[in-house]
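One-letter residues, chain by chain:
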Amino acid sequence: MKISFAKAALPTEGALAVGILEGRVLTATAGQIDHKTGGLIARALAASRFEGKKDQTLLLLAPAGLTVQRLLLIGLGKPDSVDGLAAEAYGGTAVAQLQAAGDQLLTIAVDPIGGSPLAPAEFAAHAAAGARLRSYRFDKYRTKEKKEDKPSLKKVVLSLDESGEAKRRFARLDGIIDGVFMTRDLASEPANVIFPTSLAEQAKTLAEQGVDVEVLGEKQMRKLGMGALLGVGQGSARESQLVVMRWMGAEDQDAVPVAFVGKGVTFDSGGISIKPAGGMEDMKWDMGGSAVVIGLMKALALRNAKVNAVGIIGLVENMPSGTAQRPGDVVTTMSGQTVEVINTDAEGRLVLADAMWYTQDRFKPQVMIDLATLTGAIIISLGDHYAGLFCNDDGLADKLVAAGKGVGELLWRMPIDDPYDKQLKSDIADMKNVGGREGGSITAAMFLKRFVKDTKWAHLDIAGVTWAKKDGAVTPKGATAFGVRLLDRLVADNYEQK
Ligand code: BES
Ligand code: MN
Ligand code: ZN
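So, here is what we can say about the structure in this document. None of these values were measured; they are calculated from a predicted model.

Side note on the coordination of the manganese ion (ligand 2)
So, point 1. Of the protein atoms, only D268 (OD), D345 (O), D345 (OD) and E347 (OE) coordinate the manganese ion (ligand 2), at distances of 2.1 to 2.2 Å.
So, point 2. Taken together, the six donor atoms surrounding the manganese ion (ligand 2) define angles of 71 to 166 degrees at the centre, an arrangement classified as irregular.
So, point 3. Here the donor residues of the manganese ion (ligand 2) are spaced in sequence according to D-x76-D-x1-E.
So, point 4. Between the two metals, the manganese ion (ligand 2) and the zinc ion (ligand 3), the spacing is 3.2 Å, and D268 donates to both. Pair noted here: D268 is in strand 10 (residues 258-268) and E347 is in the loop between strand 13 (338-341) and helix 10 (348-363), with a separation of 79 residues, a long-range link. Both residues of the pair, D268 and E347, belong to the buried class.

Topic: the site of ligand 1
So, point 1. Around ligand 1, 17 residues are found, and the nearest of them are K275, D286, D345, E347 and G376.
So, point 2. K263 is positioned such that a nitrogen or oxygen atom in its side chain is 3.3 Å from an oxygen atom of ligand 1.
So, point 3. When isolated, ligand 1 has an accessible area of 510 Å², and the protein chains bury 78% of it.
So, point 4. Classifying every residue of the shell around ligand 1 gives six nonpolar, four polar and seven charged.

Section: the nonpolar core
So, point 1. Grouped together as the largest cluster of nonpolar side chains are 114 residues, with contacts concentrated most on L71, L106, F123, M245 and L400.
So, point 2. When residues in this core are grouped by element, the largest group, 10 residues, is from helix 5 (residues 163-188).

A look at the sheet that holds strand 12 (residues 329-332)
So, point 1. What the three strands build is an open sheet, ordered 12-13-17; its pairing is mixed. The open sheet is flanked by strand 12 and strand 17 (431-432), the only strands paired with a single partner.
So, point 2. Note that strand 12 and strand 13 share four bridges and pair antiparallel. Within strand 13, the position partnered with V331 by the bridge is V339.

A closer look at the coordination of the zinc ion (ligand 3)
So, point 1. K263 (NZ), D268 (OD), D286 (OD) and E347 (OE) make up the full set of protein donors to the zinc ion (ligand 3), lying at 2.0 to 2.4 Å.
So, point 2. Going along the chain, you hit the donors of the zinc ion (ligand 3) in the pattern K-x4-D-x17-D-x60-E.
So, point 3. Among the residues examined, E347 registers a relative accessible area of 1% and is labelled buried.

A closer look at the packing of aromatic side chains
So, point 1. Inspection of every chain in the model, using the stated rule, returns seven aromatic pairs.
So, point 2. A ring pair is formed by W285 and W467, whose centres lie 5.4 Å apart and whose planes are at 10 degrees; its orientation type is stacked. One end of the pair, W285, is in the loop between strand 10 and helix 9 (288-302); the other, W467, is in strand 19 (residues 467-468), with 182 residues separating them in the sequence. Each member of the pair, W285 together with W467, is buried.
So, point 3. Here the basic side chain of R238 rests over the ring of F195, its NZ or CZ set 3.7 Å away from the ring centre.
So, point 4. The ring of W285 has K284 sitting right over it, with the charged end atom 4.8 Å from the ring centre.

Things to note about the pattern of salt bridges
So, point 1. Under the definition given, this model contains 29 salt bridges.
So, point 2. One salt bridge connects E22 with K78, and the closest N-O pair in it is separated by 3.8 Å. You can see E22 sitting in the loop between strand 2 (15-21) and strand 3 (25-26) and its partner K78 sitting in the loop between strand 5 (70-77) and helix 3 (84-98), a full 56 residues away along the chain.
So, point 3. The class for K78 is partly exposed, based on a relative accessible area of 48%.
So, point 4. Between E165 and R168 there is a salt bridge, with its nearest N and O atoms 3.1 Å apart. Taken together, the residues span about one helical turn, with E165 and R168 both in helix 5 at a distance of three residues.
So, point 5. By relative accessible area, E165 is classed as partly exposed at 29%.
So, point 6. What you see here is one network of salt bridges that share partners, running through E122, E165, R168 and R169.

Considering the side chain of R303
So, point 1. On the secondary structure map, R303 appears in the loop between helix 9 and strand 11 (308-318).
So, point 2. One polar contact links R303 to D488, side chain to side chain, over a distance of 2.6 Å.
So, point 3. With residues near it in sequence (within four places) discarded, R303 still touches R172, I176, D488, V491, A492 and E496.

Let's talk about the environment of D418
So, point 1. Tracing the backbone through its elements, the reader meets D418 in helix 13 (residues 418-421).
So, point 2. D418 sits 68 residues away from L486 along the chain, and the two C-alpha atoms are 29 Å apart.
So, point 3. Sequence-distant contacts of D418, that is, excluding residues within four places in its chain, are made with M446 and K449.

Here is what the cut-offs are and how they apply
- Residues numbered from 1 in each chain as written.
- Chains lettered and ligands numbered in written order.
- Predicted model: local features only at pLDDT ≥ 70, side-chain atom pairs only at ≥ 80, totals over all residues.
- Heavy atoms only, no water.
- Donors = N, O, S within 2.8 Å, 3.2 Å for Na, K, Ca; no water.
- Tetrahedral: all angles 85-135°; square planar, octahedral: opposite > 155°, others 65-115°.
- Helix = DSSP H or I, 4+ residues; strand = E, 2+ residues; numbered from the N terminus.
- Buried < 20%, exposed > 50% of the residue type's maximum accessible area, 1.4 Å probe, protein only.
- Near = heavy atom within 4 Å.
- Polar contact = N/O pair within 3.5 Å; in protein donor to acceptor, adjacent residues only side chain to side chain.
- Areas by Shrake-Rupley, 256 points an atom, 1.4 Å probe, with all protein chains shown as cover.
- Nonpolar A, V, L, I, M, F, W, Y, C, P; charged D, E, K, R; others polar.
- Core = buried A, V, L, I, M, F, W, Y, C linked by side-chain atoms within 4.5 Å.
- Pairing = 2+ DSSP bridges.
- Phe/Tyr/Trp six-rings, centres within 6.5 Å; stacked < 30°, edge-to-face > 60°.
- Lys NZ or Arg CZ within 6 Å of the ring centre and 35° of its normal.
- Salt bridge = Lys/Arg side-chain N within 4 Å of Asp/Glu carboxyl O.
- Contact = heavy atoms within 4.5 Å.

Have a look at this one:
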């Protein structure tokens, strides 16, 4: 799907999307069409329950007096609520409704909206971003899809006077979306295709964007003493990997980096503490955190972010076998602390313990943010509307929450407090890897905290938001890439030299 920007003129073919404000107030283009067609829109509005509320749509086929095939009215809500996210929803809704309707061309009208905080160029850039984000499909394994079920749209044109300015603003968002799409692709792939070494190979392709990529194998990790990460991978036929990605975009090459750490369990069977069969296929998503870190590094590189950033991902496959770690095993982490592995299915924290220690040891970052599909408990707490945020610094937590609001990836702050830490007491080692059912996502975070030095740190438990069971405004059902846009925004707003 090609996206372009062109000076306003009513299109003569394909489909046309126009906005209507709440209270049935026509935007300029809608008014122009209404006039040209002798009141078509006014009559359609009068005959329907469409009021222009956000997310409402009304599709008119073969509209008399126009040569376009389809006219789609999209509710924009109240003028003062028309922000970047509303613009994205506008573009996303247009594509969702018309992607497979039969037209090859979709024109999305962009009009100035009095009372909106957005200028038309910014509105258009975000509408285009929403259109592209929503057009995502993972269909490489479908060999028998019928032509009529395939998307017909080839071209989306945002129509506005300030098209040059809109195009410039979209270019930046376009790079971020390339990162989002890479994350969605990687997370969608099945575990027979994406496993530690093949995921590391994918990360290496970021060299094309100027990201420096290093891969450590099991031998090197053993030397470093990463007994926790290696223990998780020891039951798998696939070799575990640790990938270090570096984007050095700051003018000062010695500027202290920001660090992102991702859980990359390419398949989580549970290991010897094996999971039930029902739904186990979902555990191919358990590398979602690492996929976000890869896509984020790509996004930062593509938009030439003026920041030094490191991305570290621990890649393992958690399998039961004759070589697998057993419940009760004691492993020694890179930090020197020992862990009694009560449950081999609480593996993500073991991987992160070593990946996070390595990150701090080597890079001494100004902040460290980890992402992990860490616990089922966070889904019980927050469902799929918010990701869990655990943070040892109020300033960082506020920045993350604000960045999330800005891009529509919401975070809810959870407690990390000493009483929960007691649940991790082991009879024979420094700690055990599970803390019981109560507060399961919090004890998981407390476990991670034991591997945080004197570093500003945030942990995002993204188990509930990494894949979507149904379509959203700009995310089709499936891999969401939750975190890429959020952390890109966090960097842009707080850690870049202006
Ligand atoms: N990858 C899972 C968490 C998960 C569960 C993510 C469901 C998405 C959907 C993690 O490794 C895990 O198995 N956690 C256990 C921890 C328990 C054994 C303490 C869980 O949440 O049940
Ligand atoms: Mn698990
Ligand atoms: Zn897991």
